[in-house]
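# Per-entry structural report
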Amino acid sequence: MSRADDVYVVGCGMHPFGRDESVTGMDMAEHAVREALADAGVAWEDIGYAAGGSDVSGKPDTLVGRLGLTGVPFVNVQNGCATGASTVLTVANALRAGEASVGLAVGFDKHERGAFHVSAARYGLGDWYAETGMMLTTQFFALKTQRYLYEHGISERALAMVAARAFRNGSHHPLAWRRKPLTEREILESAEVSPPLTQYMFCSPGQGAAALVLALGDRAFDLCERPVRLASLAFRTRRFGSFEVFSPWLPPGPHRSPSVDAAEAVFRTAGVRPADVQVAQLQDTDSGSELIHLAETGLCAHGEQEELLAAGATEAMGRTPVNTDGGCLAGGEPVGASGLRQFHEVVRQLQGRAPGVQVPGAPRVGFTHVYGAPGISACSILTL
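Residues numbered from 1 in each chain as written. Predicted model: local features only at pLDDT ≥ 70, side-chain atom pairs only at ≥ 80, totals over all residues. Heavy atoms only, no water.

- With an unreviewed UniProt entry as reference, the protein chain is termed Thiolase family protein, source organism Streptomyces gottesmaniae.

In structure tokens:
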């Protein structure tokens, strides 16, 4: 593939994550879009294709009423935790297909306080499933984590190390929600939600928005001094027998997570190895999920996580910096925006202008990963 066929990120914008009752989800989205347009040095009229995602906060295509009625094609995307990555994939494919040379991806959400309220019927399940308490995802993730720790000899301290690093990074990031660092002891001794996971080992449904401007080939270099190449992006659904949210069963014999499939595909297409990654974003719906995803994406071996965490390998100054903005644990999870937050952080890291802690050594290879119900995953490789 020549440079003319490559897609690049040339601008990014983000509304701070957290809770802001003075604005709507649409207000947050507009803020993120206008910031991304300004970052790229383009006007809304220059956007030839757009895609937007939101779980509960409105139809993204209605943003044209605020941004300008230019007749631009605008696709609405709703794909769970992979919504943000799916908007990027939609726009990138449109640019490669010749629909436009400049496009925009936006995601936003404004969730209420408390756990996500999910309908069993929406996922093809009977009321009995909800009545067992399993529609409350804290139960599922705790079960999955408990099993994983047992199988691989990992202690609960590793869960606290993940969360402590997240809050430490979030405390330095102006766009994060949770800005107070917590010790491992405070995390371990916080209220137990579902064993082995405590209050501060879970992210919270949140509010926020993020947007990217993408450009094709040479147009990207006209717009941006250091465009970041979307080297690959892969999306996968679950295979038969995988142990997933709202599908918690295990058949005898081996099983594969969609995160394994998505990660393998994205590394293969980009022509890089997990060892080449210099900054990574992993889905950390809870501390246990990050531990599992470290291995499923190939960034480490199963059972190696606790040793790596203790050695500081996932810190910003470590071998493989992970969730340098605090991830979902510090940022919360507005579903439509969460994946695009990952892109925002990795792009800024590679360009050497991270809002929070900057990874040293001029990183050139970044990785993003999302995972969600009912067993979907999207991964990307971003390079300079």
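Okay, back to it.
## A few points about the nonpolar core
- Core analysis: the largest hydrophobic core is formed by 59 residues, its most contacted members being I187, F267, L291, F367 and I381.
- Of the residues forming this core, the biggest block, nine residues, is contributed by helix 6 (residues 156–170).
- Ignoring any residue separated from it by four or fewer positions in sequence, one finds F267 in contact with V272, R273, P274, V277, T297, F367 and I381.
- Within the second largest apolar cluster, 37 residues are counted, among which are F17, A51, V91 and L95. (Core = buried A, V, L, I, M, F, W, Y, C linked by side-chain atoms within 4.5 Å. Buried < 20%, exposed > 50% of the residue type's maximum accessible area, 1.4 Å probe, protein only. Helix = DSSP H or I, 4+ residues; strand = E, 2+ residues; numbered from the N terminus. Contact = heavy atoms within 4.5 Å.)

## Some remarks on unusual backbone geometry
- In this structure, the amide linkage connecting P195 to the following residue, P196, adopts the cis form with an omega of 10 degrees.
- With respect to the helices and strands, the residue P196 is situated in the loop between strand 5 (192–194) and strand 6 (197–198).
- The linkage connecting A373 with the following residue, P374, adopts the cis geometry, with an omega of 0 degrees.
- You can see P374 is positioned in the loop between strand 10 (365–372) and strand 11 (376–383).
- Even without being a glycine, F246 presents a positive backbone phi close to 70 degrees.

## A short note on the UniProt feature "domain: Thiolase N-terminal" (unreviewed entry) in the protein chain
- Here the UniProt feature "domain: Thiolase N-terminal" (unreviewed entry) sits at residues 7–172.
- Helix makes up 42% of residues 7–172 and strand 18%, and the two end C-alpha atoms of the span are 31 Å apart. (UniProt positions renumbered as here; feature names shortened; annotations may be inferred.)

## Let's talk about the UniProt feature "domain: Thiolase C-terminal" (unreviewed entry) in the protein chain
- According to UniProt, the "domain: Thiolase C-terminal" (unreviewed entry) feature falls on residues 259–380.
- Between the first and last C-alpha atoms of residues 259–380 the distance is 11 Å; the span itself is 40% helix and 13% strand.

## Structural notes on the packing of helix 3 (residues 83–96) against helix 13 (residues 335–350)
- Two numbers describe how helix 3 lies on helix 13: the axes approach to 6 Å, and their chain directions differ by 65 degrees. It follows from the interaxial angle that helix 3 and helix 13 lie roughly perpendicular. Residues T83, G84, A85, T87 and V88 of helix 3 form the contact with helix 13, whose own contacting residues are V335, G336, G339, L340 and F343.
- Among the residues making up the contact of helix 3 with helix 13, the classes are represented as five nonpolar, five polar and no charged. (Axes fitted to C-alpha atoms, helices over the stretch in contact; angles between N-to-C directions. Parallel < 35°, antiparallel > 145°, perpendicular 65-115°, else oblique. Nonpolar A, V, L, I, M, F, W, Y, C, P; charged D, E, K, R; others polar.)

## Structural notes on the environment of W44
- Along the chain, the position of W44 falls in the loop between helix 1 (25–40) and strand 2 (49–53).
- The buried category is assigned to W44, whose relative accessible area is 4%.
- Through-space distance from the C-alpha of W44 to that of A29 is 14 Å; in sequence the pair is 15 residues apart.
- Ignoring sequence-local partners within four residues, the contact set of W44 consists of L37, A50, V64, L67, G68, T70, V72, F74 and L104.
- Side-chain polar atoms of W44 contact the backbone oxygen of G68, separated by 2.9 Å. (Polar contact = N/O pair within 3.5 Å; in protein donor to acceptor, adjacent residues only side chain to side chain.)

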